[in-house]
Amino acid sequence: MNAAPADQIRLLDLQALDVRLTQLAHRRENLPEHAEIRALEADLTQQRDLLVAAQTEESDTARDQTKAEQDVDQVRQRAARDQQRLDSGLVTNPKDLASLQSELASLARRQDDLETIVLEIMERHEAAQARAKELAARLDELQATATEATQRRDAATQDIDAEVAAVRKERSEVAAEVPADLLKLYDKLREQQGGIGAARLYQRRCEGCRLELNITELNEVRAAAPDTVVRCENCRRILVRTPESGL
Ligand SMILES: [Zn+2]
């Protein structure tokens with residue numbers, strides 16, 4: 001393939017822009033914010049689950065407390081009724097009196113037990129309430145951190161995208177100056193060779209594969225006409241000659 005030396009050198013500009021695009025894509029993909037946000041999201045999921053558990057415990061203990069308080073009330077009301085009957089003086093039969101007094105004693109014990117249960121439930125309820133409050137605050141904090149990280153990621157992505165757009169525009173301008181067949185070969189090689197299709201021959205070294213040309217290869221390059229498109233024997237990339245090629 002033949003191409004004017006100036007067009008071959010233009011390929012190096014194109015290559016530099018393509019390398020820039022690869023770097024920008026890599027940077028966009030590997031923004032530290034991505035990992036940060038992933039970790040925060042995992043944390044958020046975990047904290048949300050803990051909060052739901054604490055809130056469930058909070059409402060369960062509230063319901064249990066109401067129920068236990070109703071039980072206490074029932075016992076209290078029954079004891080009050082019994083006391084009233086006892087105080088009324090209407091129960092005179094000793095057996096009935098003894099039975100009433102025994103029931104009152106048993107109701108008092110029952111009330112005591114139930115009140116202990118109410119206290120225990122209240123303690124559990126207050127603990128759950130405090131825990132839910134603490135978790136909700138922690139969740140708010142985490143959410144704010146995640147929002148801030150997301151904003152940072154979006155801003156960084158926007159900056160990169162703007163730069164990508166500018167480099168792409170420049171690339172299409174440079175590509176328009178390169179002859180179609182040379183551009184096609186360059187693009188094909190670039191795809192095959194990890195993003196580098198054209199390399200400068202610099203001080204006898206291919207800057208694509210970094211290998212120094214041996215004497216036979218050098219002589220071949222020296223013998224090639226200036227408009228011959230030379231390829232690296234080792235990596236097959238387009239080898240672009242410049243005044244610093246060491247020929
Ligand atoms: Zn090479």
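So, how was this worked out
- Residues numbered from 1 in each chain as written.
- Predicted model: local features only at pLDDT ≥ 70, side-chain atom pairs only at ≥ 80, totals over all residues.
- Domains from an automatic or database assignment.
- UniProt positions renumbered as here; feature names shortened; annotations may be inferred.
- Helix = DSSP H or I, 4+ residues; strand = E, 2+ residues; numbered from the N terminus.
- Axes fitted to C-alpha atoms, helices over the stretch in contact; angles between N-to-C directions.
- Parallel < 35°, antiparallel > 145°, perpendicular 65-115°, else oblique.
- Left-handed = near helix turned anticlockwise from the far one by under 90°.
- Contact = placed C-beta atoms within 7 Å.
- Nonpolar A, V, L, I, M, F, W, Y, C, P; charged D, E, K, R; others polar.
- Pairing = 2+ DSSP bridges.

Draft legend 1. Here's a closer look at the domain arrangement of the chain. The domains assigned to the chain are domain 1 (5–25 + 179–241) and domain 2 (31–163). On a C-alpha basis, the centres of domain 1 and domain 2 stand 73 Å from each other.

Draft legend 2. The UniProt feature "domain: CT398-like coiled coil hairpin" (unreviewed entry) in the chain, seen in detail. Mapped onto this numbering, the UniProt entry gives "domain: CT398-like coiled coil hairpin" (unreviewed entry) at residues 14–194. Between the C-alpha atoms that bound residues 14–194 the distance is 15 Å, and the span itself is 94% helix and 0% strand.

Draft legend 3. Fine view of the packing of helix α1 (residues 5–29) against helix α3 (residues 94–177). Where α1 meets α3, the axes come as close as 9 Å, and the angle between the chain directions of the two elements is 160 degrees. Between α1 and α3, the angle is such that the two are roughly antiparallel. Considering the relative orientation of α1 and α3, their crossing is left-handed. Residues Arg-10, Asp-13, Leu-14, Leu-17, Asp-18, Arg-20, Leu-21, Leu-24, Arg-27 and Arg-28 of α1 form the contact with α3, whose participating residues are Thr-157, Ile-160, Glu-163, Val-164, Val-167, Arg-168, Glu-170, Arg-171, Val-174, Ala-175 and Glu-177. Here the contact of α1 with α3 is built from residues that sort into nine nonpolar, one polar and 11 charged.

Draft legend 4. Fine view of the sheet that holds strand β4 (residues 238–241). As summarised here, the arrangement of the four strands in space is β2-β1-β4-β3, forming an open sheet in which the pairing is mixed. Two strands bound the open sheet, and with one partner strand each, they are β2 (205–206) and β3 (230–231). As paired elements, strand β1 (residues 198–202) and β4 share four bridges and run parallel to each other. Its bridge partner being in β4, Leu-201 is matched across the sheet by Arg-241.

Draft legend 5. Here's a closer look at the packing of helix α2 (residues 32–88) against α3. Following both chains from N to C, one finds α2 and α3 inclined at 160 degrees, their axes separated by 6 Å at the closest point. Put simply, α2 runs roughly antiparallel to α3. Helix-helix and strand crossings are classified by hand; for α2 and α3 the assignment is left-handed.

Draft legend 6. Up close: the pairing of β1. Where β1 lies against β2, two bridges are found, and the strand directions are antiparallel. Bridge pairing links Leu-201 to Cys-206 in β2. Taking the residues between adjacent antiparallel strands as the criterion, β1 and β2 are bridged by two residues, where Gln-203 takes a positive phi near 45 degrees.

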